[in-house]
Amino acid sequence: DEEDSAVEEFTPLVFKLPADGEAEQVAKGEKVKIGFGPAQCKLPKDCLSESDVMLLDSGWEVYLWVGKDADRSEKLSAFSKADAYCKDDPRTMNLPVTFVKSGYESSEFNAYFV
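Here the structure is a predicted model, which is why all the values come from computation and not from measurement.

Regarding the packing of aromatic side chains
Enumeration over the complete set of coordinates arrives at five aromatic pairs. A centroid spacing of 5.1 Å and a plane angle of 40° characterise the contact between F109 and F113, whose relative ring orientation is tilted. Its relative accessible area of 0% is what places F109 among the buried residues.

Structure follows, in structure tokens:
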């Protein structure tokens, strides 16, 4: 799609998704350019709290990460909050959303963290 191809670089963002409130930005990485191999942006891994649900907007994919001690209500509201986040911006509207459980992170997801 034209909007996707227009995005050549993006600053990855991490948000905390509380059950009863707005998404709160907790980390911001360095700009990543498309087509230059794996992510070079290194967000602090400790911004992922085991007691929370977090959203990583990598620029070309949205990851929904669930900590092992996340509250049930946070888990239940996570997908609707991720959906609302994606619908807020034309850039994110058609991005894939990948569900990630703590301890089962893919190498692609981990590439964003130190």
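Additional details are given in the paragraphs that follow.
Focus: the sheet that holds strand β5 (residues 53-57)
Here we have five strands laid out as an open sheet, ordered β3-β2-β5-β6-β7, and mixed in their pairing. Bordering the open sheet on either side are β3 (24-28) and β7 (97-101), each of which pairs with just one other strand. Averaged over neighbouring strand pairs, the angle between their axes works out to 25° when direction is ignored. Across four bridges, the pairing between strand β2 (residues 13-16) and β3 is antiparallel. Bridge pairing in β3 places F15 opposite Q25. Packing of helix α2 (residues 72-87) onto the sheet brings it into contact with β2, β5, β6 (62-66) and β7, and relative to β5 it is tilted by some 25°.

Reading the values: rules and limits
Residues numbered from 1 in each chain as written. Predicted model: local features only at pLDDT ≥ 70, side-chain atom pairs only at ≥ 80, totals over all residues. Heavy atoms only, no water. Phe/Tyr/Trp six-rings, centres within 6.5 Å; stacked < 30°, edge-to-face > 60°. Buried < 20%, exposed > 50% of the residue type's maximum accessible area, 1.4 Å probe, protein only. Pairing = 2+ DSSP bridges. Helix = DSSP H or I, 4+ residues; strand = E, 2+ residues; numbered from the N terminus. Axes fitted to C-alpha atoms, helices over the stretch in contact; angles between N-to-C directions. Contact = heavy atoms within 4.5 Å.

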